[in-house]
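# A structural walkthrough
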Amino acid sequence: MILVPKTLKQFLEEMSNVTVVMIGGPGSGKSTYSKYLTGHFDIPHVYTGDMMRDLQKKDPEVAKIMDRGDLVPIKKVMSALRSRLAKDDTKNGYILDGFPRNTEQLNAMREEEISYNYVVYLNVSEKEVIKRLTSRGRKDDKPEIIKNRLKVYEKETGPVVKEFRKSPRRFIEIKAEGKDEKSIAADIIREIEKRG
Ligand code: AMP
């Protein structure tokens, strides 16, 4: 058996991995399209929204924050994310859904070397977002909370999108409305595979 040094082995593994950051406003379809990608590439959906909803059940401070539509403190997010990414199933790639949500989290991502090779930015008009969220019926989909989540997204996540946009080779912008779900999912997969 030929022994390959671990660093080279890791390097080769990373080369063939698909690691995607899904980014977009509330109601842009991040989780919907994440599911298509996890199915197609056979990699797990690492979804901070679900992690925070789990945490919300046992942590009243988190519950209060989420009921307002605000962001959960970074320490709690990083701790949940770290344990999720430490699991074996992320070795061949993952779809990161809902993280990084602001510049602070983007910096933490860089510091902790959470890798990504593609950013999928789902661009949806505000009119369509409001239409989608008001018909979804999730606990935090009430008009005032929706308004706050949109505000938080623009202020906090807007700068992250701007930063990712600076790497055009990795940045995939998708107009995520006006077509059926399956065609949009196919657009995303095509763009990822095109970039190899
Ligand atoms: P989502 O399902 O992505 O819309 O997230 C639902 C809620 O979970 C958000 O409104 C935040 O309160 C919380 N949340 C999810 N991801 C993060 C994150 N990366 N940082 C802080 N809060 C988050």
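Here, the structure is the one placed above.
Below, the structure is looked at part by part. (Residues numbered from 1 in each chain as written. Predicted model: local features only at pLDDT ≥ 70, side-chain atom pairs only at ≥ 80, totals over all residues.)

Right, let's get into the sheet that holds strand β3 (residues 93-97). As summarised here, the arrangement of the 5 strands in space is β2-β3-β1-β4-β5, forming an open sheet in which the pairing is parallel. With one partner strand each, in any of the chains shown, β2 (45-47) and β5 (171-175) form the two edges of the open sheet. On average, each strand axis in the sheet is inclined to that of its neighbour by 20 degrees, with strand direction left out of account. Where strand β4 (residues 118-123) and β5 come together, 5 bridges link them in parallel fashion. Pairing of Val-120 across the sheet is with Ile-172, part of β5. (Pairing = 2+ DSSP bridges. Helix = DSSP H or I, 4+ residues; strand = E, 2+ residues; numbered from the N terminus. Axes fitted to C-alpha atoms, helices over the stretch in contact; angles between N-to-C directions.)

Inspection of the secondary structure puts Leu-55 in helix α3 (residues 48-58). Sequence separation between Leu-55 and Val-77 is 22 residues, and the spatial gap between their C-alpha atoms is 9.7 Å. Among all residues touching Leu-55, those that are not within four sequence positions of it are Val-62, Lys-76 and Ala-80. (Contact = placed C-beta atoms within 7 Å.)

Relative to the helices and strands, Ile-23 is located in strand β1 (residues 18-24). Placed 123 residues apart in sequence, Ile-23 and Ile-146 show a C-alpha to C-alpha distance of 17 Å.

Our focus in this paragraph is the site of the ligand. The full set close to the ligand counts 16 residues, and Thr-48, Gly-49, Leu-71, Gly-98 and Arg-101 are the nearest of them. Elements with a minimum of two residues in the shell around the ligand: α3 and α4 (60-68). Residue contributions to the shell around the ligand peak at 3 residues, all from α3. A breakdown of the residues in the shell around the ligand according to their chemical character gives 8 nonpolar, 5 polar and 3 charged. (Near = placed C-beta within 6 Å. Nonpolar A, V, L, I, M, F, W, Y, C, P; charged D, E, K, R; others polar.)

Along a regular strand, successive side chains alternate from one face of the sheet to the other. Examined bridge by bridge, β1 and β4 share 5 bridges and lie parallel to one another. Note that in β4 the partner of Val-20 across the bridge is Tyr-118.

Right, let's get into the packing of helix α5 (residues 74-85) against helix α6 (residues 103-111). It is at 11 Å that the axes of α5 and α6 come closest, and there the two elements cross at 40 degrees. Classified by the angle between their axes, α5 and α6 sit oblique to one another. Here α5 and α6 pass one another in a crossing that is right-handed. Only Glu-104, Gln-105 and Ala-108 of α6 make contact with α5, whose side of the interface consists of Ile-74, Val-77 and Met-78. Classifying every residue of the contact of α5 with α6 gives 4 nonpolar, 1 polar and 1 charged. (Parallel < 35°, antiparallel > 145°, perpendicular 65-115°, else oblique. Left-handed = near helix turned anticlockwise from the far one by under 90°.)

Now for unusual backbone geometry. For the bond from Phe-99 to Pro-100, the omega torsion is 0 degrees, close enough to zero to count as cis. Positionally, Pro-100 belongs in the loop between β3 and α6. Even without glycine at this site, Asp-42 takes up a positive phi of about 55 degrees. By the element assignment, Asp-42 lies in the loop between α2 (30-41) and β2. Residue Asp-42 is classed as exposed on the basis of its 11 C-beta neighbours within 10 Å. At Glu-113, a position not held by glycine, the phi torsion is positive, near 50 degrees. Here Glu-113 shows up in the loop between α6 and β4. (Buried ≥ 20, exposed ≤ 12 C-beta atoms within 10 Å, placed from the backbone.)

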